[in-house]
Number of protein chains: 2
Amino acid sequence: MALKAIKPGLRNEAGMDAAMQRMRERFGDRFQTGEAIRAQHAHTTTYIPAQLPDGVVFPDNAREVETIVAIAAQHRVPLIAFGTGSSLEGHINAPYGGISIDMSRMDKVLEVNAADFDCTVQPGITREALNVYLRDTGLFFPIDPGANASIGGMASTRASGTNAVRYGTMKDNVLAVTAVTAGAKEIRTAHRAKKSSAGYDLTRLFVGAEGTLGIITSVTLRLQGIPEMIAGGVCSFPTIGAACNAVILTIQSGIPVARIELLDAVQMRASNAYSGLSYPESPALFVEFHGSPESVDLQSRQFAEIAADFGSSVFISTSNTEQRNALWKARHNAYWAQKSLAPALAILSTDVCVPISRLADCVEATQVDILEHGLIAPIVGHAGDGNFHVGLLFDDKDAADISKAEAFVERLNARALAMDGTCTGEHGIGQGKMPFLEAEMGDALDLMRQVKRALDPDNIFNPGKIFAM
Amino acid sequence: MALKAIKPGLRNEAGMDAAMQRMRERFGDRFQTGEAIRAQHAHTTTYIPAQLPDGVVFPDNAREVETIVAIAAQHRVPLIAFGTGSSLEGHINAPYGGISIDMSRMDKVLEVNAADFDCTVQPGITREALNVYLRDTGLFFPIDPGANASIGGMASTRASGTNAVRYGTMKDNVLAVTAVTAGAKEIRTAHRAKKSSAGYDLTRLFVGAEGTLGIITSVTLRLQGIPEMIAGGVCSFPTIGAACNAVILTIQSGIPVARIELLDAVQMRASNAYSGLSYPESPALFVEFHGSPESVDLQSRQFAEIAADFGSSVFISTSNTEQRNALWKARHNAYWAQKSLAPALAILSTDVCVPISRLADCVEATQVDILEHGLIAPIVGHAGDGNFHVGLLFDDKDAADISKAEAFVERLNARALAMDGTCTGEHGIGQGKMPFLEAEMGDALDLMRQVKRALDPDNIFNPGKIFAM
């Protein structure tokens, strides 16, 4: 019951007052309590109602983060790390009040080791800013969740996005983090070796922990060489099933596609209108190939053959950078295109992920569900990973509409889990997916709780997320 | 102080007697206490003196593992999971006594999903047996640590080996595990979706935990398509530095080499003698390329150019399967070839891993160290990952020789850590690397201990490994 799950919890008022006082003394006007700024730090593209923090602090460095954690630990008040606020499941809400730590001032590149294809950055830098910084090195950071998210936020939600099908997710591209944990000291989870068997994988424990185990203060990332050639295009299909089956065969054939994105007919109509495009209003795949000119050519031809076998009539292919950028800008603006379908409605943007062989089954069944229940809900997806999103438009002021939306999300998640999938491929749990995580993990959820209790005994780090304690 | 670190701890004698009695009642002759079988379950290719368990139990299924854990938990006696005994740092020793769980009867393939490139196996199956089973599917499991290890053991040490440079390590190739944890119930860490953001990464927590958090009862693995073509060869270099620099440039050039293994001159002499080969007795790279015929050809040519630039005079290349197998058999027998240099001596086989740009520095400094101290210590390495091994021959009955060996290992680890590397790229910590893990992790080691305490409060799972509690 996604929307009903959120209720503000008990607040530690005395502790909060004391902590606020000390924050004011220590950080001056880098500690803000105005309502507008607090609202901005709880407001995201999420469908979940905002729950404001009591204040927002803007640290400059890891030592200041240690100070903030020490104050919060002493007075037992919640700390919620904030990157750019582009998370989708209520991750940055403050159901028990507390202090939002805005990482935007910690946005430096600390080190680039071009010879080792790695770099270390502060958590507040965005992925676009990082790639601008890297431009002259011949390297780039490939993970692209669409939004211009912060690297710390991307690490915390185990983000992925359009080209994870080729380059992996944050799980695969974070070499190490430093984080301030409950003891108010900064620890480092690993060093720069490409692989290690040195004890528990603390790096992967922080990646995807949604800020519940500590505050990330730096991230060491793997980088990739900029491909010699990039080409891509748009391919229309008669049915969504045909598009999905083309994806399945592309992946099973081992074509190292860099991006293969599914958009259903409703999304194509919305994106055409919003982004001023004129593609056919039928299910489509947006694809991109990276490599040497020979390799890109070979991949394009192999893919075009598969697409044709599944009835694709048109494959508009281009290696022109401007055209390519327009295409991916339209893909990245999918959310805003959805929104433009009915500006007065809210969007419940949710994701699931299934084994690739079940992608067509899951997407087709979901589309039948949408039709049968008379919903407006475009589907877009990182189809090569078996991951897709539904952007359900609903009236968040109307109880019946909320119930309908909740029931749809429940059916969607049950469907994905029944296919050996997961309730979230990349958005994370936050508040919105908590009941589905329980269904997915069963008794294993207790292990997560045990880890949380061990590392954050006073539950100060982003409480009320992932699981109820 | 690797060898000195091992001292048998306090034993829970009363609990042990009671647990042994219940094991006998429950498992009959699948519970063994003879000295030979106990010795076999503590003896490995490790240099660390054996510490025998009190008994060895052979479960048939996960329900029986639950029973074993319940008995051990009730009587607070150690449980040590055993695969094939090929670990190198004393992982399967029983410093506090306890019961070895031999997984060899749990060696079934439970499920192959060829369409999703995954399979689920019991932990006792070996990697070679799995690949024989998969032969007709067109798929293979790529991780190859040399020894014919069990999949459960490989998951537990976060194993990698010769072709991790192309396919990643166990961290990248385990999709999920089931494990029996301290509550004596089996949990599942994840499902079969290719990616997930559903809460803490419990899969990666069990991968590399060396059996200290629970007993793995099944492993879901990613598989790869068998390459259309495989070719490789041996390439000799005038100096070890030249060989390392050829590796560095190969990786930095983005050549997707499948294997690139370094063997120093001493190792080449030993391997020639042991495996009946006649390669030049100078530093060499063993390489392998996977892909389409065009791609393999391109990779081979690109690599040969780089090798020539670094003074390689000979590149004996072959796509003949028999010749290739002979080559890799010689590589896999490196340990036994080392042993044949001085059969009366013990081998301290140790590994470190550094960022690729530091590989030549680290290997060269290590070879100077070996020469200066008059040691016999061939170097072999998974050079493409910056990972190398030293097989130090020493007299394990001679206190002075032991001290010399320990001092060398200390210097080797300090050198790797100073280069932002790790004290183990793939062997794991076990008992032998405990002091170096402390040096590497600093305060972060406390987080590992907190996780251990939370998930195994009575310290029954493989106590005395990774860290002192």
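What you see is a predicted model, and the numbers here were worked out from it, not measured in a lab.

### What about the overall build of chain A?
Right, on to step 1. Of regular secondary structure, chain A possesses 17 helices and 18 strands.
Right, on to step 2. For 469 residues, the compact-globule estimate of 2.2 N^0.38 gives 23 Å, and chain A sits close to it at 22 Å.
Right, on to step 3. Overall, chain A is about 65 × 60 × 40 Å in size when its C-alpha atoms are taken along their principal axes.
Right, on to step 4. A burial count over chain A gives 59% of its 469 residues as buried.
Right, on to step 5. Sequence-distant contacts in chain A: of pairs separated by 6 or more residues, those separated by 24 or more amount to 72%.

### Brief notes about the sheet that holds strand β16 (residues 346-353) of chain A
Residues and elements named next belong to chain A.
Right, on to step 1. With respect to topology, 7 strands assemble into an open sheet ordered β15-β12-β14-β13-β17-β18-β16, the strand pairing being antiparallel. In the strand order of this sheet, the two ends are held by β15 (315-318) and β16, each with one partner. Sheet twist, expressed as the mean angle between neighbouring strand axes with direction ignored, is 15°.
Right, on to step 2. When strand β12 (residues 229-236) meets β15, the two strands line up antiparallel, connected through 4 bridges. From the neighbouring strand, Gly-232 faces β15, where its bridge partner is Thr-318.

### Concerning the relation of the copies chain A and chain B
Right, on to step 1. Relative to chain B, chain A is turned by 180° and slid 0.0 Å along the rotation axis, the superposed coordinates differing by an RMSD of 0.0 Å. The transformation just described matches what one would write down for a two-fold rotation axis.
Right, on to step 2. Same-surface contact between copies: 100% of interface residues of chain A are shared with the interface of chain B.

### Topic: the nonpolar core
Across soluble globular proteins, nonpolar side chains have a tendency to be buried as a group.
Right, on to step 1. One finds A:Val247 and B:Val247 to be the most contacted residues of the largest nonpolar core, which totals 292 residues.
Right, on to step 2. Counting residues per element, this core draws most heavily on helix α9 (residues 240-252) of chain A, at 8 residues.
Right, on to step 3. Setting aside chain neighbours within four positions, we find B:Val247 in contact with B:Ile260, B:Leu262, B:Leu285, B:Leu359, B:Ala383 and B:Gly384.

### Let's talk about the interface of chain A and chain B
Right, on to step 1. Taken together, the contact between chain A and chain B spans 66 residues of the former and 66 residues of the latter.
Right, on to step 2. Counting residues per element, the ones that place at least two in the side of chain A that touches chain B are α7 (170-173), β9 (186-188), α8 (202-206), α16 (434-441) and α17 (444-455) of chain A.
Right, on to step 3. Broken down by class, the residue content of the side of chain A that touches chain B amounts to 25 nonpolar, 24 polar and 17 charged.

### Here we look at the environment of B:Val69
Residues and elements named next belong to chain B.
Right, on to step 1. Structurally, Val-69 can be placed in helix α3 (residues 62-75).
Right, on to step 2. Here Val-69 falls in the buried class, since 24 other C-beta atoms lie within 10 Å of it.
Right, on to step 3. Considering only alpha carbons, one finds Val-69 and Gly-214, 145 residues apart in sequence, at a separation of 8.7 Å.

### Observations concerning the packing of helix α9 (residues 240-252) of chain B against helix α14 (residues 359-372) of chain B
All names here are of chain B.
Right, on to step 1. Following both chains from N to C, one finds α9 and α14 inclined at 160°, their axes separated by 8 Å at the closest point. Accordingly, the angle class assigned to the pair α9 and α14 is roughly antiparallel. Considering how the two elements wind past one another, α9 and α14 form a crossing that is right-handed. Seen from α9, the contacting residues are Ile-240, Gly-241, Cys-244, Asn-245, Val-247 and Ile-248; seen from α14, they are Leu-359, Ala-360, Val-363, Glu-364 and Gln-367.
Right, on to step 2. Considered class by class, the residues forming the contact of α9 with α14 number 7 nonpolar, 3 polar and 1 charged.

### Notes on the domain arrangement of chain A
Residues and elements named next belong to chain A.
Right, on to step 1. Segmenting chain A into domains produces domain 1 (13-104 + 449-455), domain 2 (109-225), domain 3 (229-335) and domain 4 (341-432).
Right, on to step 2. If you average the C-alpha positions of domain 1 and of domain 2, the two centres end up 22 Å apart.
Right, on to step 3. Taken together, the contacts link 19 residues of domain 1 with 25 residues of domain 2.
Right, on to step 4. Residue assignment for the side of domain 1 that touches domain 2 shows that the elements contributing at least two residues are α3 (62-75), β3 (79-82) and α17.
Right, on to step 5. Top element by residues in the side of domain 1 that touches domain 2 is α3. It accounts for 6 residues.

### Let's talk about the packing of α14(B) against helix α15 (residues 399-418) of chain B
Residue and element names in this part refer to chain B.
Right, on to step 1. It is at 10 Å that the axes of α14 and α15 come closest, and there the two elements cross at 160°. Classified by the angle between their axes, α14 and α15 sit roughly antiparallel to one another. You can see that α14 and α15 cross each other, and the crossing is right-handed. Residues Cys-362, Ala-365, Thr-366 and Asp-369 of α14 form the contact with α15, whose participating residues are Phe-408, Arg-411, Leu-412, Arg-415 and Ala-416.
Right, on to step 2. Broken down by class, the residue content of the contact of α14 with α15 amounts to 5 nonpolar, 1 polar and 3 charged.

### Some thoughts on the confidence of the model for chain A
Right, on to step 1. Averaged over every residue, the pLDDT of chain A is 94; the share at 70 or more is 98%.
Right, on to step 2. If you check the scores for this complex, the pTM reads 0.96 and the ipTM reads 0.96.

### Some words on unusual backbone geometry
Residues and elements named next belong to chain A.
Right, on to step 1. Look at Asn-459: it is not a glycine, yet its phi comes out positive at around 55°.
Right, on to step 2. Its location among the elements puts Asn-459 in the segment after α17.
Right, on to step 3. Using a count of 16 C-beta atoms within 10 Å as the deciding quantity, one classes Asn-459 as partly exposed.

### Description of the pairing of β12(A)
All names here are of chain A.
Right, on to step 1. With 6 of 8 residues buried, β12 lies mostly within the body of the structure.
Right, on to step 2. In the sheet, β12 pairs with strand β14 (residues 284-291) via 8 bridges, with the strands oriented antiparallel. Bridging from a neighbouring strand, Met-229 pairs with Gly-291 of β14.

Rules used in this analysis
- Residues numbered from 1 in each chain as written.
- Chains lettered and ligands numbered in written order.
- Predicted model: local features only at pLDDT ≥ 70, side-chain atom pairs only at ≥ 80, totals over all residues.
- Helix = DSSP H or I, 4+ residues; strand = E, 2+ residues; numbered from the N terminus.
- Rg over C-alpha atoms; globule rule 2.2 N^0.38 Å.
- Buried ≥ 20, exposed ≤ 12 C-beta atoms within 10 Å, placed from the backbone.
- Contact = placed C-beta atoms within 7 Å.
- Pairing = 2+ DSSP bridges.
- Axes fitted to C-alpha atoms, helices over the stretch in contact; angles between N-to-C directions.
- Least-squares fit on C-alpha atoms with pLDDT ≥ 70 in both.
- Core = buried A, V, L, I, M, F, W, Y, C linked by C-beta atoms within 7 Å.
- Nonpolar A, V, L, I, M, F, W, Y, C, P; charged D, E, K, R; others polar.
- Parallel < 35°, antiparallel > 145°, perpendicular 65-115°, else oblique.
- Left-handed = near helix turned anticlockwise from the far one by under 90°.
- Domains from an automatic or database assignment.
- pLDDT = per-residue confidence, 0-100.

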